[in-house]
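Residues per chain are reported as follows:
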Amino acid sequence: MMNQCASDFGGWFAFAPHAFLAYRIAYFVKHGEMYLNLQAVSIAKSVYYQILHDLGLRQPECGGVLGMARNGVISTWYHDLTGKSSPTSYSPDVLAINSVLRDEWQPNGIKMAGIVHSHSTGKRVPSCGDINYGLRILDSLDTVDVFYLPILEIQPVVPNLFCYVIFRNSAGGRCKRIPYQIV
Ligand SMILES: [Zn+2]
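Residues numbered from 1 in each chain as written. Predicted model: local features only at pLDDT ≥ 70, side-chain atom pairs only at ≥ 80, totals over all residues.

Quick notes on the pairing of strand β2 (residues 63–68)
Then step 1. The buried fraction of β2 amounts to 6 of the 6 residues, a majority that puts the element mostly inside the structure.
Then step 2. In terms of strand pairing, β2 meets strand β6 (residues 111–119) through 6 bridges, oriented antiparallel. Pairing of Gly63 across the sheet is with His117, part of β6.
Then step 3. Pairing of β2 with strand β3 (residues 74–79), which is carried by 5 bridges, proceeds in the antiparallel orientation. Across the sheet, residue Gly67 finds its bridge partner in β3, namely Thr76.
Then step 4. In this structure, the hairpin formed by β2 and β3 is closed by a connection of 5 residues, where Gly72 is found at a positive phi of approximately 85°. (Buried ≥ 20, exposed ≤ 12 C-beta atoms within 10 Å, placed from the backbone. Helix = DSSP H or I, 4+ residues; strand = E, 2+ residues; numbered from the N terminus. Pairing = 2+ DSSP bridges.)

Let's talk about unusual backbone geometry
Then step 1. Following Pro60, the chain continues into Glu61 via a peptide bond in cis, with omega recorded as 5°.
Then step 2. Following the sequence through the fold, Glu61 ends up in the loop between α3 (45–56) and β2.

Things to note about the pairing of strand β10 (residues 164–167)
Then step 1. Residues Tyr164 and Ile166 of β10 are buried on one face, and the alternating residues Val165 and Phe167, pointing to the opposite face, are buried as well.
Then step 2. Bridge analysis of strand β7 (residues 146–148) against β10 gives 3 bridges, and the strand direction is antiparallel. In the sheet register, Val146 faces β10, and the bridge partner there is Phe167.
Then step 3. Alignment of β10 against strand β11 (residues 174–177), held across 4 bridges, turns out to be antiparallel. Residue pairing across strands places Tyr164 opposite Arg177, the latter belonging to β11.
Then step 4. Linking β10 back to β11 in an antiparallel pair, the connection comprises 6 residues, with Gly172 at a positive phi of about 120°.

Details of the nonpolar core
Grouped burial of nonpolar side chains is what soluble globular proteins tend to show.
Then step 1. Judged by nonpolar contacts, the single largest core of 33 residues is most densely connected at Leu66, Ile74, Tyr148, Leu149, Tyr164 and Ile166.
Then step 2. When sequence neighbours within four positions are dropped, the list of residues in contact with Ile166 reads Ile131, Gly134, Leu135, Leu138, Val146, Phe147, Leu149, Gly173, Arg174 and Cys175. (Core = buried A, V, L, I, M, F, W, Y, C linked by C-beta atoms within 7 Å. Contact = placed C-beta atoms within 7 Å.)

Below you can see the structure in the form of structure tokens.
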């Protein structure tokens, strides 16, 4: 499976089904087509620049959480300063994030929509571990059908954001790069 993940990220690829709920399978079999033509995701300008500032000025890997407003725009950003960072991995501080979701986001109609984390130069795609972790989060959320997993590639001058989305389907799970627009 690692080889399959690493081989060609430009297209679609499937992961072995594991531990996902029957209703989700039925849902995606019925509605799967709509996700084959995902449109660009909209990211608020303030969030975009905050990500560049918070993650782009630090050594990889570090990260934070994306929040989506009711209109579908990614409008909110939480910089996970207490997450565990190393040169090759980032682990979110789940307790801190959950309290932000509960106390600040949910009362204001903001849904957790994804996690951004930074990678070193040349690593522009989520790893298999990243994607499987994202799929587990997606399974635990009953508020969203897709989960965004953008990667901020740290470069010497300007960091580069690459947006990916993951979702469940009849084959298990999918990950696809999608365009984004700054609004
Ligand atoms: Zn990663």
